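# Results of the structural survey
Here's the letter readout for the chains.
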Amino acid sequence: MLLVTYIVVGVVPLLLMASTMLHSTKIYFVEERKKELLSEANVIAGQLASYDFFENPMSPNTLEKVIFGTEPEGFRVLVLNSSAIVVYDTGYEEVGKTYFIPEVMDALDNKDIAREKKNGNIYAAASVVGKDTQMDGVVLVVDSVKDVTDMVGNIAQKSYVLLAILLVVVIVIMVVMSRLFTEPLKRMIQVIQKMAEGHFEQRIVVKNRTHNEIVDLALSCNHMADQLEKVDSIRQQFVSNVSHELKTPLSSVKVLSESILLQEDVPKEMYVEFLHDINSEVDRMSAIINDLLTLVKLDQKEIPINFEEHDLNTIMEGIIKRLTPLAEVKQMKIVYTKEKDVTAVVDEMKLTLAISNLVDNAVKYTPEGGSVTVTLDADHQNAFITVADTGIGIPEDEVGYIFERFYRVDKTRDRETGGTGLGLSITYATVLLHNGSIKVNSKENEGTTMQVRIPLHQNVS
């Protein structure tokens, strides 16, 4: 299909151009012949007027010498009187006949004219004006344009031969170009079709390193495949993590329930203890599921964002107040610093949850006696909320993964710190909904600093 398009695009303009040029050439030569014949008609009319031909008729031979001189021209000349009657004809065929043709009538009306007729002849008529501007007659010059037609035909014949050769060259070039373009496109289509079937490991082999549209398209397809493979890997890992996170409390519930069912004469105290443990595991599963649903809704933007102007200092003080008891249990302090009063357009509830997750994590992963510092600052465009701790820190090669779902930096601690492993993911999604960003700076065994940037104003439509 692409080859046909190339040929049509390459050939049709050439044919149109050749046809237009030949037609224009013929028109040009015909117009030149008209001018030439009309000029001859005017010269003859002038000679007849000077001899006062219609008052002093002369013999045909004498008239012919007056008209043509010593060398007769190839065109035919008719002389008509004011009644449109032919009084002289170089062909001696029309003498005495009346010529009421448009050209003669125009000339009698003192309008010199030259026209091409359907029979392939040109009629040029010029008026003969006598004394006192009296209309004495008309000179009608008739000539064939066959020589013009033959000349243009010869040109056309040679042009078409040249055009045919050119078309062959164009078609060959188009075939080569088509293969150069269509073969890579076919390979891309095959790879994309396989990717659509789930084979994300497919890649397009790029042989030509010179950048052009095809190479750029192939590289873009490979990049898309990399991203799809990464997304698929993350999806599989996510499913695995969800299964693992839910399997653990389910296993605990099963073990606890079987312990009760398989033992006889179980004391009431043990029943109560096991039921409390089962209830805790069910609560944990509910928390995981609720956080997962929250993340899904955030991803799909199903949760409405209620942007309103709020005092961020008031929000931060509320967060610090709620989390201070957790820090005091570990003999820690949460130090809050307000650099300036900051008012921003935010969703209070969602931003509170996001910042609470950061401060809560800082407290959980900071040893007893450590400290957590929370700072609020702003410039003319953004608010900056910084949470810094003196905790265990994050290895440099793991910093880029901490916002992934269920990702745990300290895997040996497992679930000792509590939580679902989704808090930072929810925080990250919430900050993105606020058109903000999170910057992480951490050193292992020294502490972590997280800075949240939130625009002071939102484009709310």
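That block above? That's the structure.
Summary of the structure given here.

Each value, and the rule that gives it
- Residues numbered from 1 in each chain as written.
- Predicted model: local features only at pLDDT ≥ 70, side-chain atom pairs only at ≥ 80, totals over all residues.
- Heavy atoms only, no water.
- Salt bridge = Lys/Arg side-chain N within 4 Å of Asp/Glu carboxyl O.
- Helix = DSSP H or I, 4+ residues; strand = E, 2+ residues; numbered from the N terminus.
- Buried < 20%, exposed > 50% of the residue type's maximum accessible area, 1.4 Å probe, protein only.
- Axes fitted to C-alpha atoms, helices over the stretch in contact; angles between N-to-C directions.
- Left-handed = near helix turned anticlockwise from the far one by under 90°.
- Contact = heavy atoms within 4.5 Å.
- Nonpolar A, V, L, I, M, F, W, Y, C, P; charged D, E, K, R; others polar.
- Core = buried A, V, L, I, M, F, W, Y, C linked by side-chain atoms within 4.5 Å.
- Parallel < 35°, antiparallel > 145°, perpendicular 65-115°, else oblique.
- Pairing = 2+ DSSP bridges.

Take the pattern of salt bridges next. Per the counting criterion, the structure on display carries 16 salt bridges. As a salt-bridge pair, Glu36 and Arg33 come within 3.8 Å of each other at their nearest N and O atoms. Of the two residues, Glu36 and Arg33 are both situated in helix 1 (residues 2-51); the distance of three residues between them amounts to about one turn of the helix. Residue class for Arg33 comes out buried when judged on its relative accessible area of 14%. Here Asp143 and Arg33 are joined by a salt bridge, their closest N and O atoms 3.2 Å apart. Taken together, the positions of Asp143 in strand 5 (residues 135-144) and Arg33 in helix 1 put the pair 110 residues apart, joining distant regions of the chain. When sorted by exposure, Asp143 lands in the same class as Arg33, which is buried. Residues participating in the shared-partner salt-bridge network are Arg33, Glu36, Asp143 and Asp147.

On to the packing of helix 7 (residues 312-329) against helix 8 (residues 348-364), then. One way to put it is that helix 7 packs onto helix 8 with a least axis distance of 10 Å and a crossing angle of 35°. The crossing of helix 7 and helix 8 is right-handed. Judged by residue contacts, Leu312, Ile315, Met316, Ile319, Arg322, Leu323, Leu326 and Ala327 of helix 7 engage Glu348, Leu351, Thr352, Ile355, Ser356, Val359, Asp360 and Val363 from helix 8. Here the residues of the contact of helix 7 with helix 8 are counted per class, giving 11 nonpolar, two polar and three charged.

Grouped together as the largest cluster of nonpolar side chains are 36 residues, with contacts concentrated most on Leu312, Ile334, Ile355, Val359, Val372, Val374 and Val452. Looking at this core, the elements with two or more residues in it are helix 7, strand 8 (343-346), helix 8, strand 9 (371-378), strand 10 (382-389), helix 9 (423-433), strand 11 (437-443) and strand 12 (447-455). The leading source of residues in this core is helix 7, at seven residues. The residues contacting Leu312, other than those within four sequence positions of it, are Val342, Ala344, Val346, Leu351, Leu376 and Ala383. With 23 residues, the next largest nonpolar core counts Val79, Ala114, Ala126 and Val141 among its residues.

Before going further, it helps to spend a moment on the packing of helix 8 against helix 9. Across the interface, helix 8 lies against helix 9 with an axial gap of 9 Å and an inter-helix angle of 140°. Between helix 8 and helix 9, the angle falls in the class oblique. The two elements helix 8 and helix 9 cross, and the hand of that crossing is left-handed. Between helix 8, through Lys350, Leu351, Leu353, Ala354, Asn357, Leu358 and Asn361, and helix 9, the contact on the second element is made entirely by Gly423, Leu424, Ile426, Thr427 and Thr430. Of the residues in the contact of helix 8 with helix 9, the class split is six nonpolar, five polar and one charged.

In a beta sheet, neighbouring strands pair by backbone hydrogen bonds and run either parallel or antiparallel. Overall, mixed pairing links the five strands, which are arranged 7-9-10-12-11 in an open sheet. Strand pairing shows two members of the sheet lacking a second neighbour, strand 7 (333-338) and strand 11, which therefore form its edges. Here the average twist between neighbouring strands, direction ignored, is 10°. One ladder, built from seven bridges, connects strand 11 with strand 12; its direction is antiparallel. Looking at strand 12, one finds that Ile438 is bridged to Val452.

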